[in-house]
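Understanding the architecture of this molecule
Single-letter residue listing:
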Amino acid sequence: MQGITFLFQIFIISAALLLLAGQAFSEPSFELELKELKKPSIPVIKAKKKKASAQKKIKPRIKQVTPEVIKAEEVGKGSEPVIWISELTLKAGDGCQLAERMAVALAHSVPAETLLNGLDFKPVASVVYDGQGLLLVCGVPTAEVYTYNRLLAEHNVQMLNLTGTESVGQVARQVIDCLGLSFRLDFDEHSKEDELVYLFPADKERERPLRLTIQP
């Protein structure tokens with residue numbers, strides 16, 4: 001009985017020794033793992049990605065200002081534009097004299113020789129307006145006027161013959177038509193009953209409008 005007890009004790013002691021031996025062999029690995037765990041972890045530094053493209057420099061925008069063009073008719077806005085008009089007054093009197101004064105006033109006087117083109121007669125007035133020549137005569141026979149006008153037409157010249165029987169309005173209208181002028185009759189509260197007022201617009205030959213008044 002004592003022998004069995006002794007063997008059991010030996011078995012216990014042997015088992016304990018084997019257990020201690022196993023622990024002794026396993027401690028280094030355990031300590032190694034423990035040391036590894038205690039080591040501070042090295043933070044992973046991520047490289048900053050470069051921006052895909054450098055920031056573009058913003059250029060200041062310069063606002064272009066278009067200079068304002070002020071038209072002549074807009075100057076003094078709120079009021080009517082000032083139009084300078086030349087004024088001329090003629091006395092009716094004799095029809096031939098009236099035609100002469102009108103021709104000289106409305107057109108440009110030139111030497112008669114420049115319009116006669118070799119014809120032999122003496123005009124009362126010789127004028128040119130915008131390339132149209134006019135020779136004014138009085139009391140010339142109708143047949144001669146017809147012949148002269150046929151010859152002068154080739155040179156853009158016209159002869160106007162007054163007989164002395166024309167009215168003031170007829171004289172004025174014939175001179176105006178022969179020169180090819182644009183006009184309109186102008187009447188206002190200041191016009192007298194027997195006056196004739198003609199308004200001629202400005203053009204390439206006349207810088208300002210002209211108001212021509214013919215008094216009886």
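Residues numbered from 1 in each chain as written. Predicted model: local features only at pLDDT ≥ 70, side-chain atom pairs only at ≥ 80, totals over all residues. Heavy atoms only, no water.

Some details on the pattern of salt bridges
What counts, and what does not: Within this document, salt bridges are pairs made up of a side-chain nitrogen of Lys or Arg and a carboxyl oxygen of Asp or Glu, the two lying within 4 Å of each other. Note on conventions: DSSP H or I runs of at least 4 residues are helices, E runs of at least 2 residues are strands, and numbering of each starts at the N terminus. Accessible area is worked out with a 1.4 Å probe on protein chains only. A residue is then buried under 20% of its type maximum, exposed over 50%, and partly exposed in between.
In this structure the tally under the stated criterion is five salt bridges. A salt bridge links Arg-173 to Asp-177, with the nearest nitrogen and oxygen atoms 3.2 Å apart. Of the two residues, Arg-173 and Asp-177 both sit in helix H5 (residues 168-179), four residues apart, roughly one turn of that helix. We classify Arg-173 as partly exposed; its relative accessible area is 42%. The shortest N-O distance in the salt bridge between Arg-184 and Asp-186 comes to 3.5 Å. With relative accessibility at 46%, the residue Arg-184 sits in the partly exposed group. For Asp-186, a relative accessible area of 9% corresponds to the buried category. Each of the salt bridges in this network shares a partner with another, and the network as a whole consists of Glu-87, Arg-184, Asp-186 and Arg-211.

Section: the packing of aromatic side chains
Ring pairs (aromatic) are described by centroid distance and by the angle formed between their planes. We count it as follows: Pairing of aromatic side chains here covers Phe, Tyr and the six-membered ring of Trp, requires ring centres within 6.5 Å, and sorts the geometry by plane angle: under 30 degrees stacked, over 60 edge-to-face, intermediate tilted.
Enumeration over the complete set of coordinates arrives at four aromatic pairs. When the ring of Phe-121 is compared with that of Tyr-148, the centres are 4.7 Å apart and the planes differ by 35 degrees; the resulting orientation is tilted. Remark: Tyr-148 occurs in helix H4 (residues 142-152) and Phe-121 occurs in the loop between helix H3 (113-116) and strand S3 (125-129); sequence separation between them is 27 residues. Here the aromatic cluster, defined as three or more aromatic residues joined through ring pairs, consists of Phe-183, Tyr-198 and Phe-200.

Details of the state of the cysteines
As a reminder of what qualifies: Any cysteine sulfur atom paired with another within 2.5 Å is treated as part of a disulfide.
What the rule picks out here adds up to one disulfide. There is a disulfide in this structure between Cys-96 and Cys-138, and the S-S distance comes to 1.6 Å. Disulfide Cys-96-Cys-138: torsion about the S-S bond near 90 degrees, hence right-handed. Linking Cys-96 in helix H2 (residues 95-106) with Cys-138 in strand S4 (residues 132-138), this pair joins segments that are 42 residues apart in sequence. The class for Cys-96 is buried, based on a relative accessible area of 17%. You can call Cys-138 partly exposed: its relative accessible area is 29%.

Section: the packing of H2 against H5
Helix-helix packing: each pair is described by the crossing angle between the helix axes and the interaxial distance. How we decide: The axes are straight lines fitted to the C-alpha atoms, using for helices just the contacting stretch, and the angles between their N-to-C directions are given from 0 to 180°. Crossing handedness follows the turn of the near helix against the far one: under a right angle anticlockwise gives a left-handed crossing, and clockwise gives a right-handed one. Whether two residues are in contact is decided by their heavy atoms: any pair within 4.5 Å suffices.
The geometry of H2 relative to H5 is characterised by a closest axis approach of 10 Å and an angle of 35 degrees between their N-to-C directions. As H2 runs across H5, the sense of the crossing is right-handed. Of the residues in H5, those in contact with Gly-95, Leu-98, Ala-99, Met-102, Ala-103 and Leu-106 of H2 are Val-168, Val-171, Ala-172, Val-175, Ile-176 and Leu-179.

Examining the environment of Leu-179
Considering the arrangement of structural elements, one finds Leu-179 in helix H5. Leu-179 sits 21 residues away from Gln-158 along the chain, and the two C-alpha atoms are 8.8 Å apart.

Shape is all these values report; function is a separate question.
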